Amino acid sequence: MTTMQTAMRTVLGEGFRVFFLAAGIYAVLAMGIWLGILGAEARGAAPALPFAPAPYLWHAHEMIFGYAAAVLGGFFLTAVPSWTGTAAARRGYLAAAAAAWLAGRLAVWWSGALPPGLVAVADLAFLPLLGVKIALQLARRPKPQNMMLLGVLAIIWSGNLMVHLEWTGLAADTAGTGLRVGLLGVTATIAVIGGRVAPAFTRNAMTRAGVEARLPQTPAALDAIGVGTAILLPLMVLLGAPEMLLAAVALACGAAQAARLMGWRTGWVLGQPILWSLHLGFAMLAAGYAILGLGWAGLTGEIAGLHVLGIGAVGGMTLAVMSRATLGHTGRPLVAPRATAVAYALIAAAALVRAAGSTLATDWYTLSVLGSGALWIAGFAIFLSDFWGPLTTPRA
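Everything numeric in this text was worked out from a predicted model, so none of it was measured.

Criteria and cut-off values
Residues numbered from 1 in each chain as written. Predicted model: local features only at pLDDT ≥ 70, side-chain atom pairs only at ≥ 80, totals over all residues. Heavy atoms only, no water. Salt bridge = Lys/Arg side-chain N within 4 Å of Asp/Glu carboxyl O. Helix = DSSP H or I, 4+ residues; strand = E, 2+ residues; numbered from the N terminus. Buried < 20%, exposed > 50% of the residue type's maximum accessible area, 1.4 Å probe, protein only. 1 Å grid on protein atoms, 1.4 Å probe; cavity = no way out; pocket = protein on both sides within 12 Å on 5 of 7 lines; lining within 4 Å. Points joined across faces, edges and corners; volume = space filled by probe spheres on them. Nonpolar A, V, L, I, M, F, W, Y, C, P; charged D, E, K, R; others polar.

S.K.: Before we move on, could you go through the pattern of salt bridges and cite the residues and values that matter?
M.R.: Within the structure shown, the criterion is met by five salt bridges. Across the pair Arg105 and Glu62 runs a salt bridge whose closest N-O atoms are separated by 2.6 Å. Of this pair, Arg105 sits in helix 4 (residues 91–109) while Glu62 sits in helix 3 (residues 55–84), placing them 43 residues apart in sequence. One exposure class covers both Arg105 and Glu62, and it is buried. Notably, a salt bridge pairs Asp223 with Arg260, separated by 2.8 Å at the nearest N-O pair. You can see Asp223 sitting in helix 9 (residues 220–238) and its partner Arg260 sitting in helix 10 (residues 243–262), a full 37 residues away along the chain. Using a relative accessible area of 24% as the deciding quantity, one classes Asp223 as partly exposed.

Structural data, given as structure tokens:
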């Protein structure tokens, strides 16, 4: 067996390996393509592109339903078996699921030459394939706090469906709504999962260090508000709720996430990047909801809030979770490499640069978008450099 065959067999041996690797590669590739398009347009060129939707729609779609969906696949296929005591997915399923995800990416990329219905079928296949698998596993121990994640996956898939309804000509003006539903579905997942792992991992680290007082905690009522408003928001967008009502719920959601974070002893983790990255991602979640709420209320731009959520919360939290899960599941110490700690900061900076740029004049706006994208690429290139070995070689 060649080295390449051994690596492929290893990568397809566990869900986190194949999908975290795919997510890291796609984060760099898709953003690089987007920056190339922007750079060409800034020079007055009109590049011939193989996909049918407008470039900004392709970019948004692939960040949500390409990159983020891959991370969700890797996380759920790794976490759900440990939650339920069931066997992990086998290589055959992982290969099929990875092929479905890749087929969606290729179909959307070549959508200018393919029938829109075929593109929709290919792109919409991955999340149901993932959902059925984890539903069968969750059914072994059907706890409500875990089963509701299937509903969140359905919300994300519904957002993608709305995008394709417009792209196939079956509906008008639904793509923008679908992208927002998809993004807010992903951030709702972060509100649920991040709200569990950030305080739990911090508490575990404090206990190992001998700290017994003032451990991280969140009142149950506050958790319910934070999770409930996060899941309610994409449903309201899906149903076309008035923007002022959306603004009120988004502001309440942001305040709830901030209040949850305040009880997690963030000051204690500042010297441990593997922990403060989780807190930073959750802070971006709170800030993103608040800025989005202000945007819907007409006080700021909506674009700033969407990008703080998309880059800072989704990008930052997924990078933190992928690096920690990879270290833990490959038998390595839970200590982020120094370069990865820099990557955490680069993604947060990318979010801030992009949000600030949304308020600037045209020339500076373009520079801010290009700068934000470059920071994103640098952050995920570091992740790939630091974690390529752990993801493609046997457990230490």
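Alright, that's what it looks like, and here's the rest.
S.K.: Got a sec to walk through empty space enclosed by the protein? Specific residues and values, please.
M.R.: Summed over the entire model, instances satisfying the criterion amount to three cavities of 30 Å³ or more. Here the largest cavity is characterised by a volume of approximately 150 Å³. Taken together, Val71, Leu72, Phe75, Val186, Thr189, Ile190, Ile193, Gly194, Met317, Thr318 and Val321 form the lining of the largest cavity. Mapped onto the lining of the largest cavity, the elements with two or more residues apiece are helix 3, helix 8 (175–208) and helix 12 (302–329). Sort the elements by how many residues they give to the lining of the largest cavity and helix 8 lands first, with five residues. Residues of the lining of the largest cavity, tallied by class, amount to eight nonpolar, three polar and no charged.

S.K.: I'd like a rundown of the layout of surface pockets, residues and numbers included.
M.R.: To locate leftover empty space, one rolls a probe as large as a water molecule over the atoms. Here the largest pocket is characterised by a volume of approximately 820 Å³. Surrounding the largest pocket, 33 residues form its lining, Tyr56, His59, Ala60, His307 and Arg354 being those nearest its centre. Here the lining of the largest pocket takes nine residues from helix 3, the largest share from any one element. Taken together, the residues of the lining of the largest pocket sort by class into 23 nonpolar, seven polar and three charged. The space that makes up the second largest pocket amounts to roughly 490 Å³. As for the second largest pocket, its lining consists of 24 residues, and the residues nearest its centre are Ala22, Ile25, Tyr26, Trp101 and Leu102. The set of elements that each furnish at least two residues to the lining of the second largest pocket consists of helix 1 (3–11), helix 2 (15–42), helix 3, helix 4 and helix 14 (362–392). Here the lining of the second largest pocket gets eight residues from one element, more than from any other, and that element is helix 2. Class assignment of the residues belonging to the lining of the second largest pocket gives a composition of 21 nonpolar, one polar and two charged.

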